[in-house]
Amino acid sequence: MRHPTLVILCAAGVITLSACEKTIDKDAVDREFAGVNAIDGAGLNDVMLKAADPTEAAAYFQRANKIDPGRIDLMRGLAKSLVRAKRSQEATIAWGRVVEHEEATDEDRVALADALIRNNDWEKAEQVLTSIPPTHETYQRYRLEAMIADSHKDWKKADSFYETAVGLTTRPAPVLNNWGYSKLSRGDYAGAEKMFYDTLRHDPSMFTAKNNLVLARGAQGNYTLPVMQMTQVERAELLHTLGLSAVKRGDVEIGKGLLRDAIETHPQHFDAAATALAALESNISN
């Protein structure tokens, strides 16, 4: 007669145990997920920073910061990911939070200045750099100082900072390219040309430097492409740049010829060059 009662009690026990197991499993999953983000024993943070899509990396670090708030390495990870994703305004906010952290370093302040420049907030970037002790001498700091000096057209100071930055890195191509563009903007075309050659010597694949080199040569009336490594598409794009440079200098017929060469060289339809050529011919006929 007691068997039904015993069955009911056992069933109730199973239900209760099952509910407890569900709670334990959820807690275990939460702890496990938090462990992956907070402890980062497998180096997942580094992988997300270096190899992941920038937008995915930003989302990852946003989740990680919610799970383990206040960890400066995760805060840095978010700020760096936002810079990589070209979300400049968000990046400045994220780096601002990093530098407010008690464990923030001068390198974090340099990174904030970099983000501010990317967001076109030059005045605030200069204020941040000024607040960093002069004893903090790094490539990134001097690269930004040079750019600030450029913005003030203080060419002597800019050259000094660029030179120092080049001496502090084993990969000087980006700063050499910036230095060359600085010389290009101040009308020192020969100096700029030399700087872009130096850039390509360190990084032969940098298309921006190739394009800048062509601009520097075109500004001097030299409308031949330099001998350098380039793909067929790059060659067409450089001919296009050179053609526009010729037109800007008043050498319209030479420019038209270069644009035609660009159209013929490009393996596909080169809309930009075709449009420019059509506009030139229309203006001349009118």
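Preceding this paragraph is the structure being described.
Residues numbered from 1 in each chain as written. Predicted model: local features only at pLDDT ≥ 70, side-chain atom pairs only at ≥ 80, totals over all residues. Heavy atoms only, no water.

A. Region of the structure containing the overall build of the protein chain. If you tally the helices and strands in the protein chain, you get 15 helices and zero strands. By residue count, 40% of the 286 residues in the protein chain fall in the buried class. Restricting the contact set of the protein chain to residue pairs at least 6 apart, pairs at least 24 apart contribute 48%. For the protein chain, the computed accessible surface area is about 16,500 Å², with 55% contributed by carbon and sulfur atoms. (Helix = DSSP H or I, 4+ residues; strand = E, 2+ residues; numbered from the N terminus. Buried < 20%, exposed > 50% of the residue type's maximum accessible area, 1.4 Å probe, protein only. Contact = heavy atoms within 4.5 Å. Areas by Shrake-Rupley, 256 points an atom, 1.4 Å probe, with all protein chains shown as cover.)

B. Region of the structure containing the layout of surface pockets. What the largest pocket holds in volume is close to 400 Å³. Along the walls of the largest pocket sit Lys 80, Val 83, Arg 84, Trp 95, Glu 107, Val 110, Ala 111, Asp 114, Arg 118, Gln 140 and Arg 143, which together make up its complete lining. Counting residues per element, the ones that place at least two in the lining of the largest pocket are α4 (72-84), α6 (106-118) and α8 (139-151). The element best represented in the lining of the largest pocket is α6, accounting for five residues. (1 Å grid on protein atoms, 1.4 Å probe; cavity = no way out; pocket = protein on both sides within 12 Å on 5 of 7 lines; lining within 4 Å. Points joined across faces, edges and corners; volume = space filled by probe spheres on them.)

C. Seen up close, helix α12 (residues 207-219). In a regular helix each residue adds 1.5 Å, so 13 residues correspond to 18 Å; α12 covers 18 Å between its end C-alpha atoms and thus fits that length. Among all positions of α12, only Ala 209, Lys 210, Asn 211, Asn 212, Leu 213, Val 214, Ala 216, Arg 217 and Gly 218 are buried. On its buried face, α12 is in contact with α10 (173-185), α11 (189-202) and α13 (232-248). (Expected span 1.5 Å × (residues − 1).)

D. Focus on the packing of helix α5 (residues 88-100) against α6. Taken N-terminus to C-terminus, the directions of α5 and α6 make an angle of 160°; their axes are 9 Å apart at the nearest point. In terms of orientation, α5 lies roughly antiparallel with respect to α6. Helix-helix and strand crossings are classified by hand; for α5 and α6 the assignment is left-handed. Here Ser 88, Ala 91, Thr 92, Trp 95, Gly 96, Val 98 and Val 99 of α5 lie close against α6, whose contacting residues are Asp 108, Arg 109, Ala 111, Leu 112, Ala 115, Leu 116 and Arg 118. Across the contact of α5 with α6, the residue classes break down as eight nonpolar, three polar and three charged. (Axes fitted to C-alpha atoms, helices over the stretch in contact; angles between N-to-C directions. Parallel < 35°, antiparallel > 145°, perpendicular 65-115°, else oblique. Left-handed = near helix turned anticlockwise from the far one by under 90°. Nonpolar A, V, L, I, M, F, W, Y, C, P; charged D, E, K, R; others polar.)

E. Local environment of the nonpolar core. Counting residues in each nonpolar core, the largest one holds 47 residues, and the members touching the most others are Phe 61, Trp 95, Leu 144 and Tyr 162. The contacts of Phe 61, once residues within four sequence positions are left out, are Asn 45, Met 48, Leu 49, Leu 74, Gly 77, Leu 78 and Ser 81. Counting 26 residues, the second largest nonpolar core, distinct from the first, contains Ala 173, Ala 209, Leu 238 and Leu 277. (Core = buried A, V, L, I, M, F, W, Y, C linked by side-chain atoms within 4.5 Å.)

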